[in-house]
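Topology and contacts: notes
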Amino acid sequence: MLPYQSFVEKLSKDFDELPDTPEIKSGVIFPLFGSKESAEGIILTERSKNLKSHPGQISFPGGVKEEEDPNLLVTALREWEEEMGVHRSTLKVLGKLEGLHTRTGFHITPFLASYEGDFSFYHNTAEVDRVILLPFSDLWTRPFYAIQVPGREHFAYYFDLGDGLLWGATCELILRFLREHSSFDRTPLIVKPNLLKPPFLDPKSL
């Protein structure tokens, strides 16, 4: 569990500032669940396998900014409602986390929020296959891997959740949050890629 008081005051509250970048701008909700005092885990989605972009990938609710969105928080909240099928009033927005530049031409701005609903989600099945409640405890115990991406210098990180693989930008944002605001200090097992295309790793074949 992570007490909210241990990190909420460190978060940016500047919701109107847009990142100064030519990349495609997107906003996501980084939704925490737990008690009123402490966060116990993260709410994620598994994207529909029929989507053209990142099919089947575990991700945060969110999407690309539209012209009429005054800021990226509005983008993230709109996408939350569209994907999860519940009103934005179920969220208490806590602050903004540092944005992430992806290797696919996007800039993601995550907004940390605590979920205050009853977990009755009516997710949009055209976009979301399932809603995942990921306890923080799983991130301390599940297999944790890293590979050096072919042809690049950086490492990509993976959690094998058993019923899905957490990787990519979502995994990077979660790791960044845990390392900054918790005692998370796990060292991943360095493995070689065993797939020729993303995600480059199939843990079942290790």
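Here goes a summary of the coordinates provided. If you're wondering where the values come from, they're calculated on a predicted model, not measured in any experiment. (Residues numbered from 1 in each chain as written. Predicted model: local features only at pLDDT ≥ 70, side-chain atom pairs only at ≥ 80, totals over all residues. Heavy atoms only, no water.)

Moving on, we get to the nonpolar core. Judged by nonpolar contacts, the single largest core of 33 residues is most densely connected at L32 and L166. Of all the secondary-structure elements, those providing two or more residues to this core are β2 (24-34), β3 (38-47), β8 (106-115), β9 (128-135), α2 (136-141) and α3 (168-181). If we skip the residues at most four places from it in the chain, L32 touches Y4, F7, A39, G41, I42, L94, L112, A113, S114, Y115 and F136. I29, A76, L77 and Y115 belong to the second-largest nonpolar core, a separate cluster that totals 15 residues. (Core = buried A, V, L, I, M, F, W, Y, C linked by side-chain atoms within 4.5 Å. Buried < 20%, exposed > 50% of the residue type's maximum accessible area, 1.4 Å probe, protein only. Helix = DSSP H or I, 4+ residues; strand = E, 2+ residues; numbered from the N terminus. Contact = heavy atoms within 4.5 Å.)

This part takes up the pattern of salt bridges. Side-chain pairing between opposite charges can occur once the charged atoms of the two side chains come close. The full count for this structure, using the stated rule, is 10 salt bridges. R130 serves as the salt-bridge partner of E46, at 3.0 Å between the closest nitrogen and oxygen. Of this pair, E46 sits in strand β3 while R130 sits in strand β9; the two residues are 84 residues apart in sequence, bridging distant segments of the chain. Residue classification places E46 among the buried residues on the basis of a relative accessible area of 9%. Residue R130 is classed as partly exposed on the basis of its relative accessible area of 23%. Of the charged contacts, one joins R78 and D69 as a salt bridge, the two residues approaching to 2.7 Å between their closest N and O atoms. This pair shows no difference in class: R78 is buried, exactly as D69 is. A network of salt bridges, in which partner residues are shared, links E46, K49, D129, R130 and D163. (Salt bridge = Lys/Arg side-chain N within 4 Å of Asp/Glu carboxyl O.)

Let's shift gears to helix α1 (residues 72-84). Spanning 13 residues, α1 covers 18 Å between terminal C-alpha atoms, matching the ideal 18 Å at 1.5 Å per step. With respect to burial, α1 is a largely interior element, 10 of its 13 residues being buried. Along α1, the residues classified as buried are L72, L73, T75, A76, L77, R78, E79, W80, E83 and M84. Against the buried residues of α1 lie β2, β3, β5 (62-64), β6 (91-96), β8 and β9. The opening residue of α1, the one whose side-chain oxygen lies 3.1 Å from the backbone nitrogen of L73, is N71. Phi turns positive one or two residues past the end of α1, at G85, with a value near 75°. (Expected span 1.5 Å × (residues − 1). Polar contact = N/O pair within 3.5 Å; in protein donor to acceptor, adjacent residues only side chain to side chain.)

All right, on to unusual backbone geometry then. In this structure, the amide linkage connecting P198 to the following residue, P199, adopts the cis form with an omega of 10°. Relative to the helices and strands, P199 resides in the segment after β13 (189-190). Look at F119: it is not a glycine, yet its phi comes out positive at around 65°. Tracing the backbone through its elements, the reader meets F119 in the loop between β8 and β9. The backbone of F200 shows a phi angle near 70°, a positive value even though the residue is not glycine.

On their own, these measurements won't tell you what the molecule is for.
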